[in-house]
Amino acid sequence: MIRGNIEAVKGCTIQGWVADDQDWAARLEVCFITRRGRLVRSTANQPRDDLQRAGIGQGQYGFALQLPWPVDFERDGGALVIEVRDAQGTVLRRMSRAWSDIPADPAPLAGPRTRGRLLPLQDGRITGWIAGADPGIVPVVTLDGRPLPGLRFPVELPREMLPRLPGHVFGFALEGRGLVRGGQLALQAQGPQGREMLDDICLETGRPETGFIAQLEAARRIAAQPGAIAITCWDGSHNPIGRAKVLFDVARHRRPAIILSYLHRDFGGTLWPPLMDSDAVLLTLPWEGRHRHEAAIRQSGLRFDTVWISKARLPSFRLAALVSHPRTALMLDFDDNEDQFSRSDHARDRAHGVAALNLAADLAARIPARTAASITLCNDFGALMLRHVRTPPPARPAAMAAPSAALAVGFVGTVRKHKRLIEAAAAVKAFSATTGIAAQLHVLGDISPDSMVQELTQAGVVVGGKVPSGDLATRLAGFDVVLSGFSPEAEDNAVTRYQISSKIGDALAVGKPVLVPQSPSVQDLAHVPGVFLFTPDSFTASLMQALSFSAEIGLPETFTVEGAQVTLETAEALACAAARAGTALAGLDYLADPADPLAGEAGRPVLVLFWKQQDAGLYGRRVDQIARGYRAAHPGHRVIVLEMMHADQEKDLHGLEGRFLSEAGHLLDLAARKRRGHVDRDGVEYRQITYPTDDQAARCLESWLVDEGVLPINTVMVLFPILPVHDRLEPILAAYPQLVDVVDNQILWGSLNDLRRRQRSAQYLRLLDGRAQAVFNSEANLHFFRTAGYLAPETETAIIPNWYQLPAGVRTAPEPDRPQDGLHLLYSGNMNDRIDWDLMARIAALSPALRLHLVGTAARSIGPLLALLESPNVIYHGPLDETQVLALIRHIDLAIMPHLVDEASAYMNPLKVHMFAAMGLPVLATQVPGLGPCPSLHVVGDASAFLAELQAMLHNRPPRCTAPASDTGRRYVALIDGIRQMQAGAVDLCARDVRA
């Protein structure tokens, strides 16, 4: 693995270090290409004591690149980029650093407290490891300075990937989503000493976003930009989307662009693998179950001024209608014989098949602005030429070493029986037999069925697996000749008359000759340097010509993105002069009035309060107060309290359901009601999502959000850490406007090296990274998170302590016939923690005229509770819900709160005091942090004072007093309203762009 850093820029010199930690003896070369194209190079072999002390091999890895002029003259873009090459000139890594971040003098590398490494991406998965003596380390992975969502740790990594270093070593992983080629991936470690930079890499390939909600938000941002183009494709699960990607590359060269595609279960239902290694911007939706996703797109008001339809199949037109307004300009692209493929037996009863063929043809006939990939398509459909364009690499890639001395004829792509590669292998063998030149066919790609691998091998073919898009140029450069395909059977002439392989451009882009089966669709390429047309009879002669060809091979202008721009501009001019979508797509019922892109449910705002537990609606917690207050302030809005529960957790609750001290029965009853769509008397909706496994949690959540129409365009989310399976849910939640409510401090729960504590720390870090506002329940809590380094400098914060608002319909007056036979006390709350049981016992023993009522769960404190219940004047009611407690309060004289102070309670802000005050009930409490001013609250310093106050109250019953209304809840509502206003501004901007 190549490690290193650009440390300083001073005058004409770039300073830094670079080393290969798999081969410390290797001497690497660093290269810088100036803006004038000049290559400046230096060997990284300067001895550095600081590197040696830091454990970087023997330390002889420093470099100083000397430019012929001041480095400042090279400032171009946001970052300085240098290449690291081996002795053969192969680029091993590109290192970059923002110009603004590079000092004039390098700082010595200190001995590392923590080490870590980002490993090469595998199938888009970002993995790595961290090692250090500090067990409380938390990993943070950023892309261009922005923390990436979904990081999980610790994860199992192959033993050979982990270093043998002292201290705690663990792996981490996250799924790469929305990665862009050239982006800077960085690994940081958060520990007690702050945040430390460990490693960074420059991404050599992209990875598209695959989550529907995140895709939809990206699509809305793109549609709001001037000149945005949507490319629609009938299926993204197999190769039809390959042509849509060509159109995307052409469009996005100068304009914002996105591909919209269905995913058909018949073809796998997931994105076509070659696109998974690209930086394409996509919006994909399942064909089966499409209606709810289409409804979400309509609800989001997604509309484009220009839509480019790839392939004349009904689903492509359906998507075009979905994202068009009446004035949308339409273009239609052809790259195949869609009529022929639509008539296949497999497609006969499908929307992309013969049943919909006439409708698709009728819609196609209304769109005169057309582009096509081959000369025959252009001639037969009246289209402008737009080939399978390619972007040549900045430098000819170094070829991978050939496995044998034989000449290599290479095919890379989808391998199926009808491609006739067995016949191609026979033709290559015949060439060798005829000419005496050893040659061998290499076939790499997606080979199906599996039996074909054995057939190809037996035919003498060198077989390889799928080739990531980032490696394609290097693979092709390793061949002597590229094969685009083999001559088809005669019955395939209806297809080959129009088809043209994208492999032609791939080969020419890397300067390799390409053998192309002769057909009408490629006749116009006969004179292109490097293209050699052949028939089965002329294969040997054509291959010999290709091997003997010595002239320069490059991309003709029509194969370049720049050349295709001319075609796009001409086609769009035709589209603007022709019938627009309101006429051309009449009959498809997805067009909306562009003056009201947010019609229907999108116009109804939603507040989602994502609660961290499963007891919302039970005790009247902070989440219930926010919901109640916001609903009262905005009765026309949907207010949803949302929870998630693992199926195993529900099983555990069933096992506890019969226990009097447990809240399990209440939670299970509430869970059943929440799943039915429970709405309380204040109009607040309570919902709960059950997920079978952690890995399926994100799918369950996204499905619910789409079904309910709870989308980023109309929704503000309040998140209450610590959320269950947040690492899985984060990529979805990140798309929403958010407020993070730090209602308690779970950092301090458990020991420092407790894994769950470190995972909680990681969640706080990601939620408080500056993307969302944060509200804290107390000044002490905010101070802790700020001084401990959890708050990003740009995070906006507010302090809103707890408050209480009675539910609708609750009576507050004391029960007129309540007992007068003594003083009735109430303790209500969680009795598992923070209770001063010794003081409780002394209270019970104070007088037989005193009645101590206890309410709450006590499953972990059964011993102290049962001991207390030996006193006959102690009455335990079990866990009660909020309305039951409020009813009981009407029979009570005094509420008590005999709490102890511990690390957790130091950051809490007891809400029950405000509940008692709202009922007019006086409260006696011990001195604990977080108790705010309250007219009915009396606080004492110690147990003796507490007992003395009680003794006095036995003879002089404390009066009830009504607490004045608090404006705390209104402050919270105002905070959410501020986020809503920013959201409305963004939506209005999008709407104005659509109307324009």
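Residue numbering note: each chain is counted from 1, following its sequence as written. Local features in this predicted model are restricted to residues of pLDDT 70 or higher, and side-chain atom pairs are both shown and tallied only at a pLDDT of 80 or more, whereas totals for entire chains, interfaces and linings draw on every residue. As a rule here, side-chain values come from all non-hydrogen atoms in the structure, and water together with hydrogens is ignored.

Identification of the protein as Glycosyltransferase from Gemmobacter denitrificans is taken from an unreviewed UniProt entry.

Chemist: What's the story with the side chain of Asp-200 in this structure? I'm lost.
Modeler: Relative to the elements of secondary structure, Asp-200 occurs in strand E16 (residues 194–202). Think of it in three bands: residues with accessible area under 20% of the maximum for their type are buried, residues over 50% are exposed, and the middle band is partly exposed, with areas taken using a 1.4 Å probe on protein chains only. What makes Asp-200 buried here is its relative accessible area of 12%. Under this definition, polar contacts are N or O atom pairs within 3.5 Å; protein pairs additionally need one hydrogen-donor-capable and one acceptor-capable atom, and for neighbouring residues in sequence, both atoms have to be side-chain atoms. Among the polar contacts made by the side chain of Asp-200, one reaches the side chain of Gln-184 at a distance of 2.4 Å. When near neighbours in sequence (up to four residues on either side) are disregarded, Asp-200 contacts Gly-4, Arg-93, Ser-96, Leu-118, Gln-184, Leu-185 and Ala-186. Numbered from the N terminus, helices here are DSSP runs of H or I no shorter than four residues, and strands are runs of E no shorter than two. Whether two residues are in contact is decided by their heavy atoms, any of which lying within 4.5 Å being enough.

Chemist: Looking at this structure, I do not really get the sheet that holds strand E24 (residues 407–415). What am I missing?
Modeler: With respect to topology, six strands assemble into an open sheet ordered E26-E25-E24-E27-E28-E29, the strand pairing being parallel. Here the strands that pair on one side only, and so sit at the sheet edges, are strand E26 (462–464) and strand E29 (531–534). The sheet shows a mean angle of 25° between the axes of neighbouring strands, taken without regard to direction. Lines fitted to the C-alpha atoms define the axes, with helices restricted to the stretch that makes contact. Angles between their N-to-C directions range from 0 to 180 degrees. Here helix H9 (residues 421–435) sits on the sheet and contacts E24, strand E25 (439–447) and strand E27 (481–483); the angle it forms with E25, its principal contact strand, is near 165°. Where helix H10 (residues 451–458) meets the sheet, its contacts fall on E24, E25 and E26, and the angle it forms with E25 comes to roughly 175°. We treat two strands as partners when DSSP finds at least two bridges between them.

Chemist: Which parts of the structure should I look at to understand the environment of Cys-202?
Modeler: Structurally, the position occupied by Cys-202 is in strand E16. The class for Cys-202 is buried, based on a relative accessible area of 13%. C-alpha separation for the pair Cys-202 and Arg-97, spaced 105 residues apart in sequence, amounts to 9.9 Å. In this view, Cys-202 contacts Arg-94, Gly-182, Gly-183 and Gln-184; residues no more than four positions away in its chain are not counted.

Chemist: Teacher, can you tell me more about the state of the cysteines here?
Modeler: Covalent bonding between the sulfur atoms of two cysteines is what defines a disulfide. Our working definition of a disulfide is a cysteine sulfur pair at a distance within 2.5 Å. Considering all chains together, one arrives at zero disulfides under this definition. Looking at the unpaired Cys-31, the closest cysteine sulfur is the one in Cys-202, lying at 15 Å. Under the relative-accessibility criterion, Cys-31 is labelled buried at 1%.

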